[in-house]
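Notes for the structure review
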Amino acid sequence: MNKHPIGIFDSGVGGTSIWKKIQELLPYEYCIYLADSKHAPYGDKSADEILQLAIKNTEYLLDKDCKLIVVACNTATTNAINYLRNNYPIPFIGIEPAIKSAALNTRSKTVGVLATKGTLTSSLFHSTIQNHASNITIIEQQGKGLVELIESGNMNADETRMLLKTYVQPMLDKGIDYLVLGCTHYPYLIPLLKEMLPDDVKIIDSGEAVARQTKAILQKNRLLNTASTIGKQQFFTNTDAELLEYFVLSVPVDKEVRFLDF
Ligand code: DGL
């Protein structure tokens, strides 16, 4: 079982930001990444539609004998992780906006969260705020349109810069000193964000924490791959294989990237 793959899924290419952290920390693991770009963005769908898509992706990865699944999508995690954990026999790792860490470190007691509508309206997101940030002012901002721009490879375009600015400036005006990226697509906007954020405003995402948690849960369940050669890395997308390939290009390991109609 420990030679079986880790499954990772997202509504599209964004979760590759999580795969990169996992591959860095766990290079001997065999990973299968599913980009459900055909159904992106998840963030504007109803909670039930998001759940059904999460089930579809999970069942595909279970058919591939995955030993653990990383839901590399905040929107799918906040809407489906409880169901997945209660209905399937393998461990699931989810990703949520890193509010706890921002709340512990903020000095201005004002934190911005940029995420999808699906995440910001979920009950899991609100219980996280209540449990870990009740004494902090949280400025919630929907990143409407950003996932679509990244999915079309336009993360550095002027159109993206302008839209992002309209989301970020009101949070800056309210005095945030932390900006939490609550969507796995958004780390690809960090170069643009760095242009518009003053140096004392920190950007945080949950990628490294997810990779550490994946390792801890594999260890706890005795599922860590003990191989001493770099693991196989497979990527499947139900739209454009070249686009997905572009997002994983910077990691110098052998990869298979293909179209698949899932
Ligand atoms: N990467 C997904 C997330 O973390 C994007 C959601 C979407 O497709 O709207 O929320």
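Bear in mind the structure is a predicted one, so any value in this text is a computation, not a measurement.

So, how was this worked out
- Residues numbered from 1 in each chain as written.
- Predicted model: local features only at pLDDT ≥ 70, side-chain atom pairs only at ≥ 80, totals over all residues.
- Heavy atoms only, no water.
- Helix = DSSP H or I, 4+ residues; strand = E, 2+ residues; numbered from the N terminus.
- Buried < 20%, exposed > 50% of the residue type's maximum accessible area, 1.4 Å probe, protein only.
- Contact = heavy atoms within 4.5 Å.
- Areas by Shrake-Rupley, 256 points an atom, 1.4 Å probe, with all protein chains shown as cover.
- Phe/Tyr/Trp six-rings, centres within 6.5 Å; stacked < 30°, edge-to-face > 60°.
- Disulfide = S-S within 2.5 Å.
- Core = buried A, V, L, I, M, F, W, Y, C linked by side-chain atoms within 4.5 Å.
- Pairing = 2+ DSSP bridges.
- Axes fitted to C-alpha atoms, helices over the stretch in contact; angles between N-to-C directions.
- Salt bridge = Lys/Arg side-chain N within 4 Å of Asp/Glu carboxyl O.

**Considerations on the overall build of the protein**
A tally of regular secondary structure across the protein gives eleven helices and ten strands. With 262 residues in all, the protein has 55% of them scored as buried. Considering only intrachain contacts with a sequence separation of at least 6, the fraction spanning at least 24 residues in the protein is 75%. Of the roughly 11,700 Å² of accessible surface on the protein, a fraction of 48% belongs to carbon and sulfur atoms.

**Overview of the packing of aromatic side chains**
Within this structure, the stated rule accounts for six aromatic pairs. When the ring of tyrosine 88 is compared with that of phenylalanine 92, the centres are 6.3 Å apart and the planes differ by 55°; the resulting orientation is tilted. What links up through ring pairs into an aromatic cluster is the set Trp19, Tyr33 and Phe235.

**Let's talk about the state of the cysteines**
Overall, the coordinates contain zero disulfides when judged by the stated rule. Unpaired in terms of disulfides, cysteine 73 finds its nearest cysteine sulfur in cysteine 183, a separation of 6.8 Å.

**What to know about the nonpolar core**
Judged by nonpolar contacts, the single largest core of 51 residues is most densely connected at Ile6, Ile8, Trp19, Ile22, Val70, Leu164 and Tyr186. Counting residues per element, this core draws most heavily on helix H8 (residues 158–173), which supplies five residues. Apart from the residues lying within four places of it in its own chain, the contact partners of isoleucine 6 are Ile22, Leu26, Glu29, Tyr30, Cys31, Ile32, Cys66, Lys67, Leu68, Val70, Thr214 and Leu218.

**Considerations on helix H1 (residues 16–25)**
In an α-helix, one turn spans 3.6 residues, which is why side chains three or four residues apart end up on the same side. Of all ten residues making up H1, seven are buried, and the element is well covered by its neighbours. Looking at H1, one finds that the buried residues are Thr16, Ser17, Ile18, Trp19, Lys20, Ile22 and Gln23. Its buried side turned inward, H1 meets strand E1 (6–10), strand E2 (31–35), strand E3 (68–71), helix H10 (207–220), strand E9 (233–237) and helix H11 (241–248).

**Re the sheet that holds strand E10 (residues 256–259)**
Within a sheet, adjacent strands bond to each other through the backbone by hydrogen bonds, running parallel or antiparallel. If you walk across this open sheet you meet the six strands as E4-E3-E1-E2-E9-E10, and the pairing is parallel. This sheet does not close on itself; its edge strands, each paired only once, are strand E4 (92–93) and E10. As paired strands, E2 and E9 are joined by five bridges and run parallel to one another. From the neighbouring strand, cysteine 31 faces E9, where its bridge partner is glutamine 233. Those strands touched by H1 are E1, E2, E3 and E9, and its axis lies near 170° from that of E2. Contacts from helix H2 (residues 47–63) reach E1, E2, E3 and E4 within the one sheet, and its direction differs from that of E1 by about 155°.

**Some details on the pattern of salt bridges**
What the rule picks out here adds up to eight salt bridges. Between glutamate 208 and lysine 21 there is a salt bridge, with its nearest N and O atoms 3.5 Å apart. On the criterion of sequence distance, the pair formed by glutamate 208 in helix H10 and lysine 21 in helix H1 is long-range, its members being 187 residues apart. Owing to a relative accessible area of 26%, lysine 21 belongs among the partly exposed residues under this scheme. Between arginine 161 and glutamate 195 there is a salt bridge, with its nearest N and O atoms 2.8 Å apart. Remark: glutamate 195 occurs in helix H9 (residues 190–196) and arginine 161 occurs in helix H8; sequence separation between them is 34 residues. Under the relative-accessibility criterion, glutamate 195 is labelled exposed at 52%. Linked through salt bridges whose partners overlap, the residues forming this network are Asp158, Arg161 and Glu195.

Shape descriptors only; they carry no functional weight alone.
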